[in-house]
Every structure is written in C-alpha cells, then in structure tokens.
Amino acid sequence: MSPDAPGYIDVHAHFVTDSYVRQARDAGHELPDGVPTWPSWSAKAHVDLMDRCGIETSMLSVSSPGVHFGDDTAARRLAREVNEAGADTVREHPGRFGLFASLPLPDVDGALEEIAYAYDTLNADGVVLETHTHGTYLGNPGLEPVWAELDRRGAVVFLHPTSPVCWEQSALGRPRPMVEFIFDTARTVTDLLMAGTLDRHRNLQVIVPHCGGALPVLADRIDGFMKMFMPAGTGAPDAVEQLGRLYYDLAGPALPRQIPALLGLVGTDRLLYGSDHCWTPAAAVEAHVAGLDAAPAPEGAASWRALTTANARRCLARTAH
C-alpha cells in the first residue's frame, strides 16, 4: 500500500467462537436478531479477506446479542472467555488484529472488574457496548461508575446495536439489523445525550456504527427537544456539538446516501472504516471496499483509505492501558 492509499484500519469487525455460539443458542438465540443463521469465523479466513481488501488491522469485538443472557455470573464468565479468546487471536497475529473487549452489563461490578482485566492484563484497545442490555440503555444512571472508569482510562468505546426491547412488535417479523439496529443506535446515543453522559465524560473516544444510524437526520430534532425539556436550572446543552465530537464508522451501505447525510453533521476527521465482517459476508465486504476505493475522496484527502486510517490512528492512540 502507498502513503496515499494505506491499509484500512477496520474498527467494526466481529468474531465468534464455537463456545460462544453454543451458549447463545442455549439462551434462546437460535436465529440471532432474526438473521437466518450464525456466521462462521476463523482468524485465517479473516486475514485472507483482509489481504484481498487491503485491510491492515481489524479491531475484533463480539456483536449482538452480547454476552449477558440473564444471569450475572454466567455473563461474567462468558465475557472473560470471549475476551481471552480475542486477546489470544491478537497475540497470534501481530499487527493484524486488535480487541474491543466485551463487558457483562448491566452488572456494574462485573463490568468494572472486566474493564480492569481487559486493559491491565489483556491489553485491550477498547470496549464494545451493546445499545442496551435487557432494557438498560447506556444513559441509565446506574451505569455511571462504568462510564467514569472508562473516562479515566481515555477509553475507546465502540457502540453496537442490538434488538430493541420492543422488537417483537416493531420488527414486523423482519430481521432486526435492517431497521431496528439503526434506530436503537439513535435511541441509546440520545439517551447518553439526555443523561449528560457524553458531556460529563469528554475523555472518551466513542465510535457510533453504521454512519450514525438515524442520528444525522434526527440531530436537530434531538437538539431542540433537549433544549426544551432539560430540568429547570440546567444549562441548555448542544446536542449537535456533542455528536460532532464522536467518531462514526462507515459499515453497511454507506454510499451513495448515508455518507453525505453524515457529513451534514460531522467533519471528515470523525469518519472511520468498518466492514462488519463476519456478520457481513466476505463478498459484500469486498464490494464495499471497492465502492469506497472508487468513490471520490472528500476535499483535502488523498483517498478514503488515507482519511479513515489517519482518523483511526488518532482515535486509537489515546487509549491508556
């Protein structure tokens, strides 16, 4: 790769293990989020895809449905299991993978314990948080100790959507990643804004997936409601300013419509590459990369590769182990 077209850094990449899939199925996730089947994954196949697409490094995380299936003790055990498996993969393939560790939320004590282990023992690059766990969305005041600890560490926090609490009615029998994921992303980020979490914890590096989901077209509406309905005596926060400080990955059908909408909200310095593999099949990843590589780069950027890779290096560099 050349300086103008370096290897992508993929901040939205997933892995599964046989044990994880078995435990998720045992917990009732036979068709995860309404998708017809679980994907298969191996580090070798993933690296082969990266080589074909010019992806230098992929940050691995566990996708929806996460690791908490209703029992705190089991969730702690499963979080530790998948995090150790991910860390092993990182060690076995130097420079090719990083790790966003899973936390057993909404178990706050378990999450704090796993943050310490993930950073101080496994050298994780950040954490992945589902948009909610059993109805506890990320602005819930009970999660404040977790946010405070992540802020203290200058953590990279990768948000990932999951099926909303009302999916049985709202999804209308269709796969939830199509529409429900997009709105659950907007729902949890709005919750973080309304709760003041993002304003209090400005040392975080938050990555929002899928071009921000519905946020680019809802940002002004959210901002207006925040100013109208904040508690008496509370200063009027600027939701648009706060959203402009987050990072956004380009996973999914980013072109031709989602990226222009996102650029109406944030600058090009907030854009990161994401593949969503292994949940997005290899052929679709290759087509997505080809589309980005063929698309005109934003003004001032040599290429989408150069732009998103420089942004990712800046985002990931601030993590304090």
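These numbers come from a predicted model, not from an experiment. (Residues numbered from 1 in each chain as written. Predicted model: local features only at pLDDT ≥ 70, side-chain atom pairs only at ≥ 80, totals over all residues. Heavy atoms only, no water.)

*Asks:* How would you explain the packing of aromatic side chains if you had to name every residue and give the values?
*Replies:* Under the criterion given, the structure shown has seven aromatic pairs. Consider the rings of tyrosine 20 and tryptophan 38, whose centres lie 5.9 Å apart with planes at 80°: the pair is edge-to-face. Separated by 18 residues along the polypeptide, tyrosine 20 in helix H1 (residues 18-26) and tryptophan 38 in the loop between H1 and helix H2 (43-53) bring together distant segments of the chain. Tryptophan 38 matches tyrosine 20 in its accessibility class, with the two residues each being buried. For the ring pair tryptophan 41 and phenylalanine 97, a centre distance of 6.5 Å and an interplane angle of 65° mean the geometry is edge-to-face. With tryptophan 41 in the loop between H1 and H2 and phenylalanine 97 in strand S3 (residues 97-102), this pair connects stretches of sequence that are 56 residues apart. Across this residue pair, the class does not change: tryptophan 41 and phenylalanine 97 are buried. Members of the aromatic cluster, each reached through a chain of ring pairs, are Tyr20, Trp38, Phe69 and Trp279. Over the ring of tyrosine 117 we find arginine 80, and its NZ or CZ is 3.6 Å from the ring centre. Of note, arginine 270 hangs over the ring of tyrosine 247, and the distance from its end group to the ring centre comes to 4.1 Å. (Phe/Tyr/Trp six-rings, centres within 6.5 Å; stacked < 30°, edge-to-face > 60°. Helix = DSSP H or I, 4+ residues; strand = E, 2+ residues; numbered from the N terminus. Buried < 20%, exposed > 50% of the residue type's maximum accessible area, 1.4 Å probe, protein only. Lys NZ or Arg CZ within 6 Å of the ring centre and 35° of its normal.)

*Asks:* So what's going on with a nonpolar patch on the surface? Residues and values would help.
*Replies:* Taken together, Met178, Val179 and Phe183 make up a surface patch of nonpolar side chains, about 280 Å² in accessible area. Topologically, methionine 178 is positioned in the loop between helix H6 (167-170) and helix H7 (180-195). Take methionine 178: its relative accessible area is 53%, and that puts it in the exposed class. (Patch = residues over 30% accessible without salt bridge, like charges linked within 9 Å, V, L, I, M, F, W, Y side chains within 5 Å. Areas by Shrake-Rupley, 256 points an atom, 1.4 Å probe, with all protein chains shown as cover. Salt bridge = Lys/Arg side-chain N within 4 Å of Asp/Glu carboxyl O.)

*Asks:* Describe the packing of H7 against helix H9 (residues 215-229), listing the residues and the values that go with them.
*Replies:* Interaxial distance between H7 and H9 falls to 11 Å at its minimum, and their mutual angle equals 30°. Considering their axes alone, H7 and H9 lie roughly parallel with respect to each other. The handedness of the crossing between H7 and H9 comes out as right-handed. Of the residues in H9, those touching H7 at Ala186, Val189, Thr190, Leu193 and Met194 are Leu215, Leu218, Ile222 and Met226. Of the residues in the contact of H7 with H9, the class split is eight nonpolar, one polar and no charged. (Axes fitted to C-alpha atoms, helices over the stretch in contact; angles between N-to-C directions. Parallel < 35°, antiparallel > 145°, perpendicular 65-115°, else oblique. Left-handed = near helix turned anticlockwise from the far one by under 90°. Contact = heavy atoms within 4.5 Å. Nonpolar A, V, L, I, M, F, W, Y, C, P; charged D, E, K, R; others polar.)

*Asks:* Break down the state of the cysteines for me, with residues and values.
*Replies:* Going through the model one piece at a time under the given rule, you end up with zero disulfides. Just so you know, cysteine 53 is unpaired, no disulfide at all, and the nearest cysteine sulfur is the one on cysteine 278, 14 Å from it. (Disulfide = S-S within 2.5 Å.)

*Asks:* Which residues make up unusual backbone geometry, and what values do they have?
*Replies:* Each neighbour pair has its own omega, and for serine 64 with proline 65 the value is 15°, a cis peptide bond. Mapped onto the elements of the fold, proline 65 is located in the loop between strand S2 (55-61) and helix H3 (72-92). Cis geometry is adopted by the peptide bond preceding cysteine 278, which originates at histidine 277 and carries an omega value of 15°. Counting through the fold element by element, cysteine 278 comes out in the loop between strand S10 (271-272) and helix H12 (282-294). Despite not being glycine, asparagine 123 shows a phi value in the positive range, around 60°. Tracing the chain through its elements places asparagine 123 in the loop between helix H4 (108-120) and strand S4 (126-130). Phi at aspartate 276 takes a positive value of approximately 65°, unusual for a residue other than glycine. Looking at the element boundaries, aspartate 276 is found in the loop between S10 and H12.

By themselves, these observations are geometric and do not establish any function.
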